[in-house]
Structures are given as structure tokens and as C-alpha cells.
Amino acid sequence: MNTQILALDIAGNPFDWIPPEDAILYYATGKVAWELGAREFIFRGGYSRSGVQSKIAVKPIIAIAGSEIMTRLFKSGLPLTHQNDLLFKRDRYICAYCGNQFPHKDLSRDHILPRSRGGQDTWMNCVTACKRCNQEKGNLLVEQFRPLIYVPYVPCRAEHYLLRGRNILADQHEYLAAQLPKHSRLLN
């Protein structure tokens, strides 16, 4: 099964994509505070002495009780991964300089303020660039090269989970999309 379960903290904030096996453990230990979603995944276990097979129904979205640790982790910044997948998805695979859309293999991460000039590896300092534009820009400042076609931004938590998710179910997408800010590129 390739389905992921969207785990939330008790307040409904996305915390992680978890495998169904982890969700089963939360259900079995009574840590699911509430659940959402029309779909149900039924998992069957062993048989009791009386011959009854155990089963657990898992919903696609679960809120986990006792999520104080999650809430603390929730306050930390959202990672900008080294593979650039999330960055390219945020920018819709469009080069910030020429405006053309490219496949993943033809893109690279560009630092608006180059690292050689003290630029940081952050969401606000990085944009998607085609390899040609990135090479032409080199360590120039944006003002010395050409203007950005779009402005970088830090994805909100819901957008981050939409960008990270694979095989997102309709219920999960709807829940996360309802939390997106109006400026999110995922709404266009």
C-alpha cells in the first residue's frame, strides 16, 4: 500500500506523513484523538482464542493525542531539502529568470544573494533556475543579471505537506488546501 496517513497535532496542524503501520499503532494504543476522511483502510491482525480476527479501521487524516512534542517541533522552520524537490514544486518548475518551465533534470537551485557573497540556503534566498540561467548569473547579484519573474516565499506548513506528499488522497488534499494562504502558487 502506497497510501500515507496525514498525522496532525491535537489542534489540527499537519505534523507528518506517516505509513499506515504507524497509524495502526496510534489507534491500538488509543492515541488517536480524532479522525477525518470518508475513506477507511481496514487492517486485519491475528486471531483470538475464540477465533475472532482483530481489525483496525484507519482514516486518511488522524489527530494524535498527547502531541506536545509535535507542537514543539511544529514551531521549527520548514526544511529546504538538498534534492530541491520542494523548491522546484513551490516554483512550479519555472525558471525565475527566463520564465520557462523545465523538467527536474534541467533545473537547479539559485541563491538570489550568492553564497560566495554571504547568501544563506533559505526559502527566501533560493529560487528555481534553469541550468543555463543559473550558469550565466554565476555569482552576480540579481540587479546585475536580470530581474526575478516571481518572488520567493516560505511555504506555510499545509503547503509544505502538499509539496512533500505522494499519492495524496482527496480528503487529505482538501484538508491541506483549505489552509493555504491566498499567495500560494499551489492555488493557481
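If you're wondering where the values come from, they're calculated on a predicted model, not measured in any experiment.

A. Focus on the overall build of the chain. Of the regular secondary structure elements, the chain holds 6 helices and 8 strands. Going from N to C terminus, the chain has its helices and strands arranged as β-β-α-β-β-β-β-α-α-β-β-α-α-α. Relative to a compact globule of 188 residues, whose C-alpha radius of gyration would be 16 Å, the chain shows 21 Å and is clearly more extended. Dimensions along the principal axes, computed over C-alpha positions, put the chain at roughly 75 × 30 × 30 Å. Residues classed as buried in the chain amount to 39% of the 188 residues present. Here the analysis covers contacts within the chain between residues at least 6 apart in sequence; of these, 61% occur between residues at least 24 apart. Side chains of the chain carry 24 positive and 17 negative charges; the gap between the two charge centres is 2 Å.

B. Representation of the packing of helix α5 (residues 157–164) against helix α6 (residues 170–177) within the structure. For the pair α5 and α6, the least separation of the axes is 9 Å and the interaxial angle reads 150 degrees. Here α6 runs roughly antiparallel to α5, going by the angle between their axes. Between α5 and α6, the residues in contact are A158, Y161 and L162 and H173, L176 and A177, respectively. Split into classes, the residues belonging to the contact of α5 with α6 amount to 5 nonpolar, 1 polar and no charged.

C. Quick peek at the sheet that holds strand β2 (residues 14–18). Taken together, 4 strands build an open sheet; the order of strands is β2-β1-β6-β3 and the sheet is mixed. Sheet topology places β2 and β3 (32–36) at the edges, where each strand pairs with a single neighbour. Going from strand to strand, the sheet's axes swing by 25 degrees on average, the running direction of each strand aside.

What counts and what doesn't
- Each chain carries its own residue numbering, running from 1 in the direction its sequence is written.
- Given that this is a predicted model, residues contribute local features only at a pLDDT of at least 70 and side-chain atom pairs are listed and counted only at 80 or more, while totals for whole chains, interfaces and linings are drawn from all residues.
- Note that the side-chain values use all heavy atoms of the structure and ignore hydrogens as well as water.
- Here a helix means four or more residues in a row that DSSP labels H or I, a strand means two or more in a row labelled E, and each is numbered from the N terminus.
- Between the two quantities, the radius of gyration covers C-alpha atoms and the globule rule is 2.2 Å times the number of residues to the power 0.38.
- Each residue's exposure class comes from its accessible area (1.4 Å probe, protein chains only) as a fraction of the maximum for that residue type: buried when under 20%, exposed when over 50%, partly exposed otherwise.
- Pairs of residues are marked as contacts when any of their non-hydrogen atoms sit within 4.5 Å.
- Note that His is not counted, nor are the chain ends; the positive residues are Lys and Arg, and the negative ones are Asp and Glu.
- To locate a charge, take NZ of a lysine, CZ of an arginine, CG of an aspartate or CD of a glutamate.
- Helix axes are fitted only over the stretch in contact, all axes being lines through C-alpha atoms; the angle between N-to-C directions runs from 0 to 180 degrees.
- Roughly parallel refers to an angle under 35 degrees, roughly antiparallel to one over 145, roughly perpendicular to one between 65 and 115, and oblique to any angle outside these ranges.
- When residues are grouped by polarity, Ala, Val, Leu, Ile, Met, Phe, Trp, Tyr, Cys and Pro land in nonpolar, Asp, Glu, Lys and Arg in charged, and all others, Gly among them, in polar.
- Only when DSSP finds a minimum of two bridges between them are two strands counted as paired.

Keep in mind these numbers describe shape, not what the thing actually does.
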